[in-house]
Amino acid sequence: MSTTIAFIGLGHMGGPMAANLVKAGHRVLGFDLVPDLLAAAASAGVRPAVSAAEAAADAEVVVTMLPAGRHVLALYREGLLAAARPGTLFVDCSTIDVADARAAHEAVAAAGHRALDAPVSGGVVGAEAGTLTFMAGGGAEEFAAAGPLLDAMGSKAVHCGGPGAGQAAKICNNMILAISMIGVSEAFVLAESLGLDHQALYDVASTASGQCWALTVNCPVPGPVPTSPANRDYRPGFAAPLMAKDLGLAANALRAGGVDAPLGLKAAELYAAFAEGEGAGLDFSAIVRTLRPAAPTPNGSPA
Ligand code: NAD
């Protein structure tokens with residue numbers, strides 16, 4: 001069944017996601033602040049709107065794919081909720097603060113609409129291929145109503161719980177990933193200092209209790225996993241600034257909840273510094289470069 005969808009935010013992720021909704025036979029009205037992105041979406045069959053509110057006025061579902069919580073809340077509060085027809089389903093796929101997601105749910109409900117937070121994993125490659133994983137928070141009815149649309153954009157959708165639960169799952173998962181990537185990287189650096197070959201460590205750990213995604217899929221050193229970003233000069237992949245962003249959200253949630261998670265907070269600190277410096281354009285696995293001991297200078301002191 002064809003649904004009329006307003007899609008707001010047609011960037012790296014939103015552009016291909018909107019295109020997949022068109023491919024699945026839906027009527028998609030799109031808007032982005034950047035005219036070139038709107039034009040690119042139009043060439044994929046998205047009908048360009050002159051504003052987010054114009055797109056929402058004619059839609060049964062409003063999907064947002066925006067940089068951060070402040071963009072989502074500002075858009076909702078400054079016209080989008082007022083423009084939509086009563087009972088419109090608002091699906092926010094952006095990665096945002098859990099507290100912002102809960103505030104967004106409240107604003108949507110207060111305006112007489114329905115809400116689902118549904119952040120994704122899978123990156124631009126998954127957005128283009130329609131193989132994203134959605135982590136959803138909200139009511140069971142809202143999750144069921146969004147089902148056909150999530151199926152058109154992804155290959156898996158998990159209903160994680162009530163408002164904000166999708167965002168909570170996303171930051172918990174990425175906190176595991178960041179800590180495990182740093183752990184795997186530190187193990188390779190220790191192996192180097194002990195004269196242990198990368199491949200030998202990989203052959204043992206990949207089938208032993210050290211096994212994890214950071215090792216067997218996104219291995220931070222070149223060689224053992226030919227498809228990992230380390231073999232292409234750490235071209236992303238999952239860019240370090242996106243990991244830093246997600247860890248910042250996790251750190252906010254840790255502090256707000258009074259949760260003592262020293263490794264999560266340390267990972268957030270390391271990735272923030274890395275993303276602002278040499279990691280700005282690199283895959284997050286390149287953090288291994290920062291963990292090696294500094295080469296001694298000619299006079300023997302560390303560089
Ligand atoms: P992006 O910057 O490419 O796209 C965001 C778009 O939102 C931009 O085109 C921007 O012009 C538009 N925008 C901002 N404010 C707007 C407004 N008021 N009205 C209309 N358009 C507006 O970012 P992205 O990489 O597509 O990421 C989008 C979201 O998905 C982020 O929350 C990000 O954390 C999350 N995410 C990204 C990836 C990834 O690999 N890129 C993976 C998982 C999740």
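Relevant structure appears above.
Here is what the cut-offs are and how they apply
Residues numbered from 1 in each chain as written. Predicted model: local features only at pLDDT ≥ 70, side-chain atom pairs only at ≥ 80, totals over all residues. Heavy atoms only, no water. Helix = DSSP H or I, 4+ residues; strand = E, 2+ residues; numbered from the N terminus. Rg over C-alpha atoms; globule rule 2.2 N^0.38 Å. Buried < 20%, exposed > 50% of the residue type's maximum accessible area, 1.4 Å probe, protein only. Contact = heavy atoms within 4.5 Å. Areas by Shrake-Rupley, 256 points an atom, 1.4 Å probe, with all protein chains shown as cover. Lys, Arg positive; Asp, Glu negative; His and termini not counted. Charge placed at Lys NZ, Arg CZ, Asp CG, Glu CD. Near = heavy atom within 4 Å. Polar contact = N/O pair within 3.5 Å; in protein donor to acceptor, adjacent residues only side chain to side chain. Nonpolar A, V, L, I, M, F, W, Y, C, P; charged D, E, K, R; others polar. Core = buried A, V, L, I, M, F, W, Y, C linked by side-chain atoms within 4.5 Å. Phe/Tyr/Trp six-rings, centres within 6.5 Å; stacked < 30°, edge-to-face > 60°.

1. Topic: the overall build of the protein
- A count of helices and strands for the protein gives 13 helices and nine strands.
- What you see for the protein is a C-alpha radius of gyration of 21 Å, in line with the 19 Å of a compact globule of 303 residues.
- A principal-axis box enclosing the C-alpha atoms of the protein has dimensions of 70 × 45 × 40 Å.
- Burial status across the protein gives 49% buried among its 303 residues.
- Counting contacts in the protein only where the partners sit at least 6 residues apart, residues at least 24 apart contribute 63% of the total.
- Accessible surface computed for the protein: about 13,700 Å², of which carbon and sulfur atoms make up 60%.
- Measuring between centres, the 17 positive side-chain charges of the protein sit 3 Å from its 26 negative side-chain charges.

2. Topic: the site of the ligand
- In the vicinity of the ligand there are 22 residues, among which H12, M13, D32, L66 and K245 approach most closely.
- Measuring from an oxygen atom of the ligand, one finds a side-chain N or O atom of K245 at 2.7 Å.
- Listed by contribution, the elements that provide at least two residues to the shell around the ligand are α6 (123-129) and α11 (240-257).
- Looking at the shell around the ligand residue by residue, the class counts come to 13 nonpolar, six polar and three charged.

3. Notes on the nonpolar core
- Counting 54 residues, the largest nonpolar core has F7, M17, V91 and F134 as its most contacted members.
- Among the elements that take part in this core, helix α7 (residues 140-153) stands out by supplying six residues, more than any other.
- With near-sequence residues (within four places) excluded, V91 lies in contact with V61, V62, V63, T64, L116, A118 and A146.
- In this structure, A178, F188, L247 and A261 belong to the second largest nonpolar core, which totals 41 residues.

4. Topic: the packing of aromatic side chains
- In total, this model carries four aromatic pairs according to the counting rule given.
- Centre to centre, the rings of Y76 and F90 are 5.2 Å apart; their planes meet at 75°, and the pair counts as edge-to-face. One end of the pair, Y76, is in helix α4 (residues 69-83); the other, F90, is in strand β5 (residues 89-92), with 14 residues separating them in the sequence.
- What makes Y76 buried here is its relative accessible area of 3%.
- Ring geometry for F238 and F284: centres 5.6 Å apart, planes at 70°, overall edge-to-face. Placement of the pair is F238 in the loop between α10 (213-216) and α11 and F284 in the loop between α12 (262-276) and α13 (288-291), with a sequence separation of 46 residues.
- A residue is classified by how much of its surface remains accessible, and F238, at 22% relative accessible area, is partly exposed.
- Grouping aromatic residues by their ring pairs yields a cluster made of F238, Y271, F274 and F284.

Functional significance is not addressed by these values, which are geometric in nature.
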